[in-house]
Amino acid sequence: MTSHQDRQVFVNCPFDDDYAEMFWALVFTIYKCNFVPRCTLEVDDAGENRFDKIVRIIRECGYGVHDISRTELGANGLPRFNMPLELGLFLGAQRFSSGSNRQKRCLVLDREPFRYQQFISDIAGQDIKAHHSSVSGLVSQVRDWLSIYNPGLESGSIMRQEYRDFQRDLPSLCDELRLVVEELTFVDYTRLVYVWLESRESSN
């Protein structure tokens, strides 16, 4: 595994229970592709403004995965614009910064092809990918995109099977480390992914 800045990936997606299965698969896939996932869940610092935290992490990441599929109205009758806002920040950092920030690369995901044109048409020039709200679609899209920057990755179908293997082993791995699956934090989960992948690699 590497932790160099040029392999850090900013993750911009929902963090609620409805998206949890997709989120954990996304984090696993990024690690499996030999990149490092970063998001605002990694630090719980009441002294750092959330917006400042987002900006800092974006600045530190050479890549970004942005899932804008969740823009429907909430219980209050209003849409959530966090994901489009963070995508805009990332694209702004790419366009208006100097040095390495101009080399930032991003993947934008939505549920269906061209659906985004109904609510954020200004990004029509971006190559938006569809995951069809499925874990397998998400893993494949992220793997295929990161393989551009890290050639030689295993096929998407094999990576999807590895994620299923990890899910199968997760409860026993949690038991070994005195963790509870339902109580895992982002930091806990990334540690477990790292340990599991390292164990697999050393046994091959």
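Residues numbered from 1 in each chain as written. Predicted model: local features only at pLDDT ≥ 70, side-chain atom pairs only at ≥ 80, totals over all residues. Heavy atoms only, no water.

A separate point is the overall build of the protein chain. When helices and strands are counted, the protein chain shows six helices and five strands. The N-to-C order of helical and strand elements in the protein chain reads β-α-β-α-β-α-β-β-α-α-α. When each of the 204 residues of the protein chain is scored for burial, the buried share is 47%. Considering only residue pairs separated by 6 or more positions, the protein chain has 64% of its internal contacts joining residues 24 or more positions apart. (Helix = DSSP H or I, 4+ residues; strand = E, 2+ residues; numbered from the N terminus. Buried < 20%, exposed > 50% of the residue type's maximum accessible area, 1.4 Å probe, protein only. Contact = heavy atoms within 4.5 Å.)

Within a beta sheet, neighbouring strands are joined by backbone hydrogen bonds and run either parallel or antiparallel to one another. Reading across from one edge, β2-β1-β3-β4-β5 is the order of the five strands in this open sheet, with parallel pairing throughout. Two strands lie at the open edges of the sheet, namely β2 (36–38) and β5 (129–130), each paired on one side alone. Both strand β1 (residues 8–12) and β2 contribute to a ladder of three bridges, which runs parallel. Each residue of the ladder has a partner; that of Gln8, found in β2, is Val36. Each of β1, β2 and β3 (63–67) touches helix α1 (residues 20–32); the most contacted strand, β2, lies at about 140 degrees to it. (Pairing = 2+ DSSP bridges. Axes fitted to C-alpha atoms, helices over the stretch in contact; angles between N-to-C directions.)

Following the criterion strictly, the structure yields eleven salt bridges and no others. Across the salt bridge formed by Asp144 and Arg143, the nearest N and O atoms sit 2.9 Å from each other. With a closest N to O distance of 3.0 Å, Asp169 and Arg168 form a salt bridge. Overall, the relative accessible area of 21% leaves Asp169 in the partly exposed class. One network of salt bridges, in which partners are shared, links Lys32, Glu154, Glu162, Asp165, Arg168, Asp169 and Arg200. (Salt bridge = Lys/Arg side-chain N within 4 Å of Asp/Glu carboxyl O.)

Another aspect to go through is unusual backbone geometry. The residue Asn34 is not glycine, and still its phi comes out positive at about 70 degrees. Here Asn34 shows up in the loop between α1 and β2. Of note in the backbone geometry, Arg178 takes a positive phi value of approximately 55 degrees without being a glycine. Along the chain, the position of Arg178 falls in the loop between α5 (156–176) and α6 (186–203).

Our focus in this paragraph is the side chain of Gln94. With respect to the secondary-structure elements, Gln94 resides in helix α3 (residues 82–96). Owing to a relative accessible area of 14%, Gln94 belongs among the buried residues under this scheme. With residues up to four places along the chain from it excluded, the contact list for Gln94 reads Asn101, Arg102, Lys104 and Arg105.

Turning our eyes to something else, we now look at the packing of α1 against helix α4 (residues 135–149). Running from N to C, α1 and α4 cross one another at 25 degrees; their axes reach a closest spacing of 9 Å. In terms of axis orientation, α1 runs roughly parallel to α4. In the crossing of α1 with α4, the sense of the turn from one axis to the other is right-handed. On the side of α1, the interface is formed by Glu21, Met22, Ala25, Leu26, Thr29 and Ile30, while α4 contributes Val135, Leu138, Val139, Val142, Arg143 and Leu146. Of the residues belonging to the contact of α1 with α4, the class tally is nine nonpolar, one polar and two charged. (Parallel < 35°, antiparallel > 145°, perpendicular 65-115°, else oblique. Left-handed = near helix turned anticlockwise from the far one by under 90°. Nonpolar A, V, L, I, M, F, W, Y, C, P; charged D, E, K, R; others polar.)

Geometry only, nothing functional implied.
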